[in-house]
Amino acid sequence: MRAPNSSAEPIRVQVARVLHAVARGSSLDQALARHLAPPAAGYERDPAFARALCYESLRHGVSSAALLAQLCQRPPKPLIAALLGAALTELRFLATPVHAAVAESVAAARVLDSGAAGFANALLRRFLRERETLELQLQPNPSARLDHPAWLLARYQEDWPDQVEAICAGGNQAAPMWLRVDPRQGSREAYQAELAELGIESSAPESPAQALLLTTPVAVERLPGFAQGRVSVQDAAAQQVVAVMAAKPGQRVLDACAAPGGKSAALAEQVPDLVLTVIEKDAQRCPRLEDTLRRCRVSARLVVADAADSASWWDGERFDRILIDAPCTGTGVIRRHPDIKFLRRASDVAALAREQSRLLDALWPLLTPGGRLTYATCSILKPENQAQIEAFCQRTPSARVLPLSLPGFIAAGPGLQCLPGSLDQDGFYYACLQRSD
Ligand SMILES: C[S@@+](CC[C@H](N)C(=O)[O-])C[C@H]1O[C@@H](n2cnc3c(N)ncnc32)[C@H](O)[C@@H]1O
């Protein structure tokens, strides 16, 4: 029999490799898949701990880097810096006993670089001795204090000057787990009772109608009927797409930016007989989209194409409803994807805004007169949201803004904005436009 975890590297070495990969531009999901060993007998909790440490280390990556800069005369090698960032996070924010966190981190440093163990040991012990002073020295630096990159703080300051602290606090929290219950396979109340019998506590908001908020996240394998699509994991803000689109049974609906398919599935589960076309530009994201559609029993025409290039995929029949769940900075979902803080650049905002307006302009003519186009992003930046839709309406006389009202969302120009953490939801933007010619 294989000795437990014999072939895997120590947990903190794996974590350092994940963080190093993200620092070099990989997404957290890809880095976890590449560098985290699967659970081994006797060590089943290791991967969950490693994931949690990776997420927390990225949440607090800006302040950890500032602390490291205070503690080091010369920057350590990148992998050792990643390891020390994780070690500082563990000491500052996780419940690991201090001696274990230091000993394991020093052992991991030895694996990565035999000469680095003494340095890591001295640095971590100095941090523990001078912790209060070092943390206080972070305070005058807003980027370190709020644990967000300076360029993003400047954006928040411009767009939401009174909410910068709350937005960052929301972005630095661990996200809760929201479920969406498929009403075709039983009521939300019945599913909630079934969860309660399994000891999984949840609450049910009035809206969205199919949502449950788990008191504590669980592995999807513990959710009854997950494989059969009885339930899916989806944030409440995203589930509101069904209310915003207000599609009617049998309508022709286009989901122009569809992978991984959560919104298409929510729509098809809750509105019968939709004639659904789903488009995704990135072929690598299509298997996941196909999985969602299959698991959630959604029938749709799936096209791999640039949605804006309608000549390549459109049959000429107009749509009653169009959803553009546009590619965006993801600034509303940093609590779920803390790597966004390190992967995005200031220049991405304008580039994404250009892509969003290209999609809007190209898809508007595909809407039937009287039909509705819903524009959504998981961004909280105005150039991607209200300024985007205001500019579109200015150049598109046939676009009429429809009023919206959603719990936890605030008015933002022609649409509604949810800021991260409001009613436990992700940051999200919706606008709904009717074709009035
Ligand atoms: C925000 S995600 C969509 C999430 C999805 N609607 C859901 O709820 O699961 C945006 C998606 O649009 C895709 N995309 C970006 N530009 C596109 C384009 N021009 N045409 C089609 N898909 C595009 C991206 O690859 C990405 O998968």
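Structure's up top.
Residues numbered from 1 in each chain as written. Predicted model: local features only at pLDDT ≥ 70, side-chain atom pairs only at ≥ 80, totals over all residues. Heavy atoms only, no water.

A.B. asks: I tried to follow the sheet that holds strand 4 (residues 231–233) on my own but got confused; where do I start?
C.D. replies: Strand order in the open sheet made by the 4 strands is 2-3-1-4, with antiparallel pairing throughout. The sheet terminates laterally at strand 2 (202–203) and strand 4, the two strands that pair on one side only. In this structure, strand 1 (residues 178–181) lies alongside strand 4, joined through 3 bridges in antiparallel fashion. The partner of Leu 179 across the bridge, within strand 4, is Val 233. On top of the sheet, helix 11 (residues 188–197) reaches strand 1, strand 2, strand 3 (211–214) and strand 4; it is set at about 20 degrees to strand 3, its chief contact. (Pairing = 2+ DSSP bridges. Helix = DSSP H or I, 4+ residues; strand = E, 2+ residues; numbered from the N terminus. Contact = heavy atoms within 4.5 Å. Axes fitted to C-alpha atoms, helices over the stretch in contact; angles between N-to-C directions.)

A.B. asks: What's the story with the site of the ligand in this structure? I'm lost.
C.D. replies: Near the ligand lie 21 residues; those nearest to it are Gly 262, Glu 280, Arg 285, Asp 306 and Asp 325. Separating an oxygen atom of the ligand from a backbone N or O atom of Pro 260 is a distance of 3.4 Å. One of the side-chain nitrogen or oxygen atoms of Arg 285 is found 2.5 Å away from an oxygen atom of the ligand. Its free accessible area being 610 Å², the ligand has 88% of it covered by the protein chains. With 3 residues, the top contributor of residues to the shell around the ligand is helix 17 (residues 346–363). Along the lines of polarity and charge, the residues of the shell around the ligand split into 10 nonpolar, 2 polar and 9 charged. (Near = heavy atom within 4 Å. Polar contact = N/O pair within 3.5 Å; in protein donor to acceptor, adjacent residues only side chain to side chain. Areas by Shrake-Rupley, 256 points an atom, 1.4 Å probe, with all protein chains shown as cover. Nonpolar A, V, L, I, M, F, W, Y, C, P; charged D, E, K, R; others polar.)

A.B. asks: Whenever I open this one, the packing of helix 9 (residues 150–159) against helix 10 (residues 164–172) confuses me. Can you help?
C.D. replies: Each pair of packed helices can be summarised by the angle the axes make with each other and by the distance between the axes. Contact geometry for helix 9 and helix 10: axes closest at 9 Å, N-to-C directions at 130 degrees. In terms of orientation, helix 9 and helix 10 fall into the oblique class. Considering how the two elements wind past one another, helix 9 and helix 10 form a crossing that is right-handed. On helix 10, the residues that touch Leu 153, Tyr 156 and Gln 157 of helix 9 are Val 164, Ile 167 and Cys 168. When the residues that make up the contact of helix 9 with helix 10 are grouped by side-chain class, the tally is 5 nonpolar, 1 polar and no charged. (Parallel < 35°, antiparallel > 145°, perpendicular 65-115°, else oblique. Left-handed = near helix turned anticlockwise from the far one by under 90°.)

A.B. asks: Sorry, what's going on with helix 9 here?
C.D. replies: Think of an α-helix as 3.6 residues a turn; residues three or four steps apart then line up on the same face. If you check which residues of helix 9 are buried, you get Leu 152, Leu 153, Tyr 156 and Asp 159. For helix 9, the angular spread of buried residues about the axis comes to 135 degrees, placing them on one side. Exposed and facing more than 90 degrees away from the buried side of helix 9 are Ala 150 and Glu 158. Buried positions along helix 9 lie against helix 8 (142–146) and helix 10. (Buried < 20%, exposed > 50% of the residue type's maximum accessible area, 1.4 Å probe, protein only. Arc of directions from axis to C-beta.)

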